[in-house]
2 protein chains.
Amino acid sequence: MRAVYWKKGSLYILDQTALPLKVRWLRCSKVSEVCHAIKVLAVRGAPAIGVAAAYGMALSKRMKADAKSLKASRSTAVDLEHAVDFVLLEIRGGKSALDAAMIWDNTNTEKCKSISERGASLIKKGSTILTHCNTGFLATNEYGSALGAIKEAAKQGKKIHVIVDETRPRLQGWLTSWELLRAKIPHTMIVDSAAGFLMRTGKIDAVMVGADRIVKNGDFANKIGTCSLAMLAKECGVPFYVLAPMSSFDRKIANGNKIKIEIRDSSEILGKAFKKTKALNLAFDVTPSRYVTGYVNEFGVFRRIESLWKSTKE
Amino acid sequence: MRAVYWKKGSLYILDQTALPLKVRWLRCSKVSEVCHAIKVLAVRGAPAIGVAAAYGMALSKRMKADAKSLKASRSTAVDLEHAVDFVLLEIRGGKSALDAAMIWDNTNTEKCKSISERGASLIKKGSTILTHCNTGFLATNEYGSALGAIKEAAKQGKKIHVIVDETRPRLQGWLTSWELLRAKIPHTMIVDSAAGFLMRTGKIDAVMVGADRIVKNGDFANKIGTCSLAMLAKECGVPFYVLAPMSSFDRKIANGNKIKIEIRDSSEILGKAFKKTKALNLAFDVTPSRYVTGYVNEFGVFRRIESLWKSTKE
């Protein structure tokens, strides 16, 4: 199963706002429909958004304006920019937008497969892994990043247990649970705030998360709550790994303070019943590199961000 | 306004499961109704549960059995035991159960007033205080513990801002917001997992929480998420205060590992729509004393638990 695919001139997006209760596909035949699907989180997860946007370009009749709209549909994940720029570059090189999008898609799949395998090598037999948000095939289109590694470890017979943060306010933990149920991997959902206590009492062997943008000094943006987990993991001596394809890395930004964090509508937290309360709905937070035990991308596992930059060309 | 009160032979409980949308009072004229109200969280917060249980004893026709039922209605908060035992002791001394309950109630109010004033002295002008769960009059019957201190500081004109954790799964942050709206104190709700990022980026000047049971070595049980906050506060250099009346202290338990933690139904986290996922719903967690900057009770502010035990007789 894939989160998005192209068929006969249309882009099909598995509507993640309907999961886990319903498997519903959105058919997009206009760029505006792709932008909308990204905005309302029907497709989410930095790499999956990138693939959707690449195919979005294949639906475009006004390349420049549509590239701009697609890039503006979410602000924190960098894959979106990278994917759209890749298609624009390939077009200039003579390829069709669709061919370029397919290359992006296939390359992304290979990267995620590699990340899953490399990440799985960090997971010990019989261990309990905590993960936050959703980083499976729904978030990357195929395989996954953090959840890809977890699934690969289970596939290798490592008999792991997964602790799934529910991930307020949008509850992407449900998507993770849905993927884990499909893969028959034992797991337990918790409220986000319980993670610290489980780490403190020795119930968690490692934390694995994805990333929406990893910048030059190794600071990275990811789903709100990631920064808390990283600090808690350090305090409790639990290894903390970040898994993401090179397309989520952004060398142009020097450090985490310069990452633009998307602030979403407060109704995602508050609902609509009681209107007097105000909320701050930061969709992401930024974790300093000093809390990261290792970065995993398609090229390897890196303890320090400097060695990652040295070993990779992109 | 009070969370529970006695009138003409009945105990009235403000139903916290209906707030903030509705102000609804439950009238209890049988012990079983009081037990039920405690179990379903219509009344919650360690001191408020204690007061409700004390009045519950005034409805009893079978003291011994009802004392047992009341004590068994929640497991982690110690006030419940202390309040019931107090009534039993006073009855043996010749008082009526109702008189004893009223003494417990009034004493509790005085304690909470004192805690609020002492706690307020720790809050600096113009500061931003993070709080978790609800610790206002709803949780203590009058005044409050952590939220009592926050309200008192605001009343003293300290121009504070409050960051309110929504407190999954039961969202007691809504109760806190409702109390803060009534008191016209500016505040912002966040998802629980955002607290760490706000602390790391210098947005929080102090964390103030209540407690359900503080044991001999200073470890304490409180709403799930408290342990995470305490560890995050330490990592970020933010003071972390625990405020609770002496009735929430329990010298009989040596350390936090021996506190019984209530595990509630997983449906509080998962709802009922998607039944395949499993959840672990720890209602409380235990925070080690090393993370506590200060304990505040009706006798003072104590940097170390040893000095608290020395200064108090109870």
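Residues numbered from 1 in each chain as written. Chains lettered and ligands numbered in written order. Predicted model: local features only at pLDDT ≥ 70, side-chain atom pairs only at ≥ 80, totals over all residues. Heavy atoms only, no water.

## Re the pairing of strand S6 (residues 187–190) of chain B
Residue and element names in this part refer to chain B.
Here comes step 1: Of the two faces of S6, the one lined by His-187 and Met-189 and the one lined by Thr-188 and Ile-190 are each fully buried.
Here comes step 2: Bridge count for strand S5 (residues 161–165) against S6 is four bridges, and the pairing is parallel. Across the sheet, residue Val-164 finds its bridge partner in S6, namely Met-189.
Here comes step 3: Note that the unit made of S5, helix H8 (residues 173–182) and S6 has a crossover that is right-handed. (Buried < 20%, exposed > 50% of the residue type's maximum accessible area, 1.4 Å probe, protein only. Helix = DSSP H or I, 4+ residues; strand = E, 2+ residues; numbered from the N terminus. Pairing = 2+ DSSP bridges. Right-handed = clockwise from strand over helix to strand, strands pointing away.)

## A word on the relation of the copies chain B and chain A
The two chain copies are connected by a rotation around an axis plus a translation along it.
Here comes step 1: With an RMSD of 0.0 Å, chain B superimposes on chain A once it is rotated by 180 degrees and translated 0.0 Å along the axis. Such a turn and shift between the copies fits a two-fold axis.
Here comes step 2: Here 100% of the interface residues in chain B have copies in chain A that are interface residues too; the copies meet face to matching face. (Least-squares fit on C-alpha atoms with pLDDT ≥ 70 in both. Contact = heavy atoms within 4.5 Å.)

## Looking at the pattern of salt bridges
Here comes step 1: Throughout the structure, instances matching the rule amount to 38 salt bridges over all chains.
Here comes step 2: For the salt bridge of Lys-111 of chain B with Glu-298 of chain B, the shortest nitrogen-to-oxygen distance reads 3.9 Å. Taken together, the residues Lys-111 of chain B in helix H5 (residues 97–120) and Glu-298 of chain B in the loop between strand S13 (294–297) and strand S14 (300–302) connect sequence positions 187 residues apart.
Here comes step 3: Residue classification places Lys-111 of chain B among the buried residues on the basis of a relative accessible area of 10%.
Here comes step 4: Arg-213 of chain B is paired through a salt bridge with Asp-250 of chain B; the nearest N and O atoms lie 2.6 Å apart. Of this pair, Arg-213 of chain B sits in strand S8 (residues 213–215) while Asp-250 of chain B sits in strand S11 (residues 249–250), placing them 37 residues apart in sequence. Side by side, Arg-213 of chain B and Asp-250 of chain B carry an identical accessibility label, which is buried.
Here comes step 5: Linked through salt bridges whose partners overlap, the residues forming this network are Arg-74, Arg-170, Glu-262, Arg-264 and Glu-268 of chain A. (Salt bridge = Lys/Arg side-chain N within 4 Å of Asp/Glu carboxyl O.)

## Description of the interface of chain B and chain A
For interface size, the figure often reported is the accessible area lost on association.
Here comes step 1: The interface is formed by 46 residues belonging to chain B together with 46 residues belonging to chain A.
Here comes step 2: With both sides pooled, the region where chain B packs onto chain A buries about 4,000 Å², and carbon together with sulfur makes up 69% of that total.
Here comes step 3: It is Phe-197, Arg-200 and Glu-235 of chain B that lose the most area in chain B upon contact with chain A, and together they represent 16% of the buried surface on that side.
Here comes step 4: Counting every contact that joins chain B to chain A gives four salt bridges.
Here comes step 5: For Arg-168 of chain B, the salt bridge is made with Glu-166 of chain A, and the minimal N-O distance between the two is 2.6 Å.
Here comes step 6: Scanning the region where chain B abuts chain A turns up 20 residue pairs in polar contact (both at pLDDT 80 or more).
Here comes step 7: The dominant element in the side of chain B that touches chain A, judged by the number of residues it contributes, is helix H10 (residues 226–236) of chain B, at seven residues.
Here comes step 8: The class makeup of the residues in the side of chain B that touches chain A is 29 nonpolar, eight polar and nine charged. (Buried area = accessible area lost by both parts, 1.4 Å probe. Polar contact = N/O pair within 3.5 Å; in protein donor to acceptor, adjacent residues only side chain to side chain. Nonpolar A, V, L, I, M, F, W, Y, C, P; charged D, E, K, R; others polar.)

## So, unusual backbone geometry
Here comes step 1: Of note, the amide linkage connecting Leu-19 of chain A to Pro-20 of chain A takes the cis form, showing an omega dihedral of 0 degrees.
Here comes step 2: By the secondary structure assignment, Pro-20 of chain A is in the loop between strand S2 (10–14) and strand S3 (25–28).
Here comes step 3: The amide bond that connects Arg-168 of chain B to the next residue, Pro-169 of chain B, takes the cis arrangement and shows omega of 5 degrees.
Here comes step 4: Position of Pro-169 of chain B relative to the elements: it lies in the loop between S5 and H8.
Here comes step 5: In the Ramachandran plot, Asn-141 of chain A falls in the positive-phi region, its phi being about 85 degrees despite a non-glycine side chain.
Here comes step 6: By the secondary structure assignment, Asn-141 of chain A is in the loop between helix H6 (137–140) and helix H7 (146–155).
Here comes step 7: By relative accessible area, which is 0% here, Asn-141 of chain A ends up buried.
Here comes step 8: A positive phi angle, close to 60 degrees, is found at Cys-133 of chain B, a residue other than glycine.
Here comes step 9: Examined against the element boundaries, Cys-133 of chain B turns out to sit in the loop between strand S4 (128–131) and helix H6 (137–140).
Here comes step 10: Of the residues examined, Cys-133 of chain B reaches a relative accessible area of 7% and is grouped as buried.

## Quick notes on helix H3 (residues 63–72) of chain A
Residues and elements named next belong to chain A.
Here comes step 1: The complete set of buried residues in H3 reads Asp-66, Ala-67 and Leu-70. Taken down its axis, H3 places every buried residue within 105 degrees of arc, on the same side. Set apart from the buried face of H3 by more than 90 degrees, the exposed residues are Lys-64, Lys-68 and Ala-72.
Here comes step 2: Where H3 is buried, its residues meet helix H1 (31–39), helix H2 (46–58) and helix H4 (79–92). (Arc of directions from axis to C-beta.)

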